[in-house]
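Coordinate inspection notes
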Amino acid sequence: MPPLDPQVRDAVAAAGARAREVLTPEGLTAWQERDADARPRPTLDQLCDGGRFEVAELRVPRADGGGEVTLVHGRPAGVGGALPVLYYLHGGGMVTGNAWSVLPRLLRSWALPLGLAVVSVEYRLAPRTRFPGAVEDCYAGLARVAEHADALGLDARRLVIGGKSAGGGLAAALALLARDRGGPTPVGQLLLSPMLDDRGDTFSSRQMAGHDTWDRTSNATAWQAVLGDRYGAADLSPYAAPARATDLGGLPAAYVEVGSAETFRDEAVAYADAIWRAGGEAELHVWPGACHGFDTLAPHAAVSRDAQDARTRWLRRVLPSE
């Protein structure tokens, strides 16, 4: 098993049993309840952070007529003009998480230094909503943001879709869906430890079983919640699990990141390789000694700082100033 970076290892140890807890089908409801308690939604006033940011909510009709998708839109206060935008999909295995709790970090890390806007998507969670609910929510929001970019003060020509873990997998699926529907054309896809493959048969998935902070048992539980009786189907759509895609041509430039001591390592590396084989552009980082969620567990570790710097440099390149 690849060794953990010493600073990451210490952070995992300090987190105790919480960092090693395994998600099972029987424990899913309790897991969701604990996550909701531990990850409260900040108010819009709190997100504005004393006037540093302008934050608003936008509600978009779902394509199936089943209600609305909420988008949370934040930007540096007092910055005029059409801003580039990061269209962000939160993590949480597609079974937990929310659009509001990820915004403070995104606004501080990228909106301020890069002068960009962030749109965070409140997509529906499994198992209450199974595939294709979440990715269709993400597409509905993306289409509305692109269509109404001028009114929102956004530059649709400088739009990156991105996310971490489940959000990274959804971002990859959204890029495929937008390409195939002739929808909005992002300039990049930011895929951080992306959840891409429902099959769980990579070497790293087996190697890290019982060791990573998100291991194959947790991953299988989440995929079962998302897919229901379609879990493991031979003809599963790539919009559900992008690793199933056979055509990765014509996609926006990709930033793909994963840890060497992570369940998702091999599926992320294979996805970047498949983009290259299709003639596309991908920047791949495999961070040594990093587990799933390393930068959240150990934000001050050198490897976490290096990862954040690399993401930011990539965003600067794909979102150049006008």
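Our subject in this report is the structure included herewith. (Residues numbered from 1 in each chain as written. Predicted model: local features only at pLDDT ≥ 70, side-chain atom pairs only at ≥ 80, totals over all residues. Heavy atoms only, no water.)

Concerning the overall build of the protein chain
Where we set the bar: In DSSP terms, a helix is any run of H or I states spanning at least four residues, a strand is any run of E spanning at least two, and both are numbered starting from the N terminus. All radius of gyration figures rest on C-alpha atoms, and the globule criterion is 2.2 Å times the number of residues raised to 0.38. For each residue, the accessible area found with a 1.4 Å probe, counting protein chains only, is set against the maximum for its type, and the residue is called buried under 20%, exposed over 50%, and partly exposed in between. To be clear on the numbers: accessible area is Shrake-Rupley with a 1.4 Å probe, and residue cover counts the displayed protein chains and nothing else. Under the convention used here, Asp and Glu are negative, Lys and Arg are positive, and both His and the chain ends fall outside the count. Charge positions are represented by NZ for Lys, CZ for Arg, CG for Asp and CD for Glu.
What the protein chain contains, in helices and strands, is 13 helices and 8 strands. Here the protein chain has a C-alpha radius of gyration of 18 Å; the compact-globule value for 322 residues is 20 Å, and the two agree. For the protein chain, the residues scored as buried account for 56% of the 322 residues in total. Approximately 13,300 Å² of the protein chain is accessible, and the part contributed by carbon and sulfur atoms is 51%. Computed over 33 positive and 39 negative side-chain charges, the inter-centroid distance for the protein chain is 2 Å.

Considering the side chain of serine 260
Using the following cut-off: Counting of polar contacts relies on pairs of N or O atoms within 3.5 Å, with two restrictions inside protein: one atom must be capable of donating a hydrogen and the other of accepting it, and residues adjacent in sequence are counted only when both atoms are side-chain atoms.
Positionally, serine 260 belongs in the loop between strand 7 (253–259) and helix 11 (265–277). Of the polar contacts made by the side chain of serine 260, one reaches the backbone nitrogen of glycine 289; its length is 2.8 Å.

Considering the environment of glutamine 46
Topologically, glutamine 46 is positioned in helix 4 (residues 44–48). When its relative accessible area of 52% is taken as the criterion, glutamine 46 is described as exposed. Once the C-alpha coordinates of glutamine 46 and serine 304 are considered, the two residues, 258 residues apart in sequence, prove to be 26 Å apart.

Considerations on unusual backbone geometry
The step from alanine 126 to proline 127 runs through a cis peptide bond, and the omega angle for that step is 0 degrees. Positionally, proline 127 belongs in the loop between strand 4 (117–122) and helix 6 (133–147). The amide bond that connects phenylalanine 131 to the next residue, proline 132, takes the cis arrangement and shows omega of 10 degrees. For proline 132, the location among the structural elements is in the loop between strand 4 and helix 6. Phi is positive for aspartate 49, close to 55 degrees, though the residue is something other than glycine. As for its placement among the helices and strands, aspartate 49 is situated in the loop between helix 4 and strand 1 (53–61).

Some thoughts on helix 5 (residues 103–114)
For an α-helix, 3.6 residues make a turn, and residues three or four places apart therefore share a direction. Under the convention used in this document: Read the arc as the range of directions from the helix axis to the C-beta atoms.
Taken together, the buried positions of helix 5 are Leu103, Leu106, Leu107, Trp110, Ala111 and Leu114. Taken down its axis, helix 5 places every buried residue within 125 degrees of arc, on the same side. Downstream of helix 5 by one or two residues, glycine 115 has phi in the positive range, about 65 degrees.

Notes on the pairing of strand 7
For clarity, the threshold we go by: When DSSP finds at least two bridges between two strands, those strands are taken to pair. Call a crossover right-handed when, viewed with both strands pointing away from you, the route from the first strand across the helix to the second goes clockwise.
Burial of strand 7 is extensive: 7 of the 7 residues sit out of reach of the surface. Where burial is concerned, the two faces of strand 7 agree: the one with Ala253, Tyr255, Glu257 and Gly259 and the one with Ala254, Val256 and Val258 are both buried. Bridge analysis of strand 6 (residues 188–192) against strand 7 gives 5 bridges, and the strand direction is parallel. Following the sheet pairing, glutamine 189 is matched in strand 7 by alanine 254. Bridge analysis of strand 7 against strand 8 (residues 282–287) gives 6 bridges, and the strand direction is parallel. Bridging from a neighbouring strand, valine 256 pairs with leucine 284 of strand 8. Handedness of the strand 7-helix 11-strand 8 crossover: right-handed.

What about the pattern of salt bridges?
Definition in use: The term salt bridge refers to a side-chain nitrogen of Lys or Arg lying within 4 Å of a carboxyl oxygen of Asp or Glu.
Considering all chains together, one arrives at 24 salt bridges under this definition. Of the charged contacts in the structure, one is a salt bridge between arginine 199 and aspartate 197, with a shortest N-O distance of 2.8 Å. For aspartate 197, a relative accessible area of 5% translates into the label buried. The residue arginine 311 makes a salt bridge to aspartate 295 at a minimum N-O spacing of 3.1 Å. Of the two residues, arginine 311 sits in helix 13 (residues 302–318) while aspartate 295 sits in helix 12 (residues 294–297), which places them 16 residues apart along the sequence. A relative accessible area of 3% means that aspartate 295 is categorised as buried. What emerges from the salt-bridge pattern is a single network uniting Arg105, Lys164, Glu257, Asp295 and Arg311.

As for the nonpolar core
Rules: Nine residue types can take part in a nonpolar core, namely buried Ala, Val, Leu, Ile, Met, Phe, Trp, Tyr and Cys, and a core is a set of them joined through side-chain atoms within 4.5 Å.
Of all hydrophobic cores here, the largest spans 62 residues; its most connected members are Tyr87, Leu89 and Tyr271. The dominant element in this core, judged by the number of residues it contributes, is helix 8 (residues 166–181), at 10 residues. The next biggest cluster of nonpolar side chains, apart from the first, holds 40 residues, and it includes Leu86, Trp110, Leu192 and Tyr255.

Focus: the packing of aromatic side chains
Which entries qualify depends on this criterion: Classification of ring pairs uses Phe, Tyr and Trp, with its six-membered ring standing for Trp, and accepts pairs whose centres are within 6.5 Å; under 30 degrees between planes counts as stacked, over 60 as edge-to-face, and the remaining range as tilted. Whether a charge sits over a ring comes down to the Lys NZ or Arg CZ being within 6 Å of the ring centre and within 35 degrees of the ring normal.
This model, assessed by the stated rule, comprises 2 aromatic pairs. Plain terms: the ring middles of tryptophan 31 and tryptophan 214 are 6.4 Å apart, the flat faces sit at 70 degrees to each other, and that makes the pair edge-to-face. Of the two residues, tryptophan 31 is situated in helix 3 (residues 28–38) and tryptophan 214 in the loop between helix 9 (203–207) and helix 10 (216–227); the sequence distance between them amounts to 183 residues. Since its relative accessible area comes to 9%, tryptophan 214 is described here as buried. Plain terms: the ring middles of tyrosine 255 and tryptophan 314 are 5.7 Å apart, the flat faces sit at 55 degrees to each other, and that makes the pair tilted. Of this pair, tyrosine 255 sits in strand 7 while tryptophan 314 sits in helix 13, and the two are 59 residues apart along the sequence. For the pair tyrosine 255 and tryptophan 314, one class covers both residues: buried. Between arginine 181 and the ring centre of tyrosine 139, over which it is positioned, the NZ or CZ distance is 4.9 Å.

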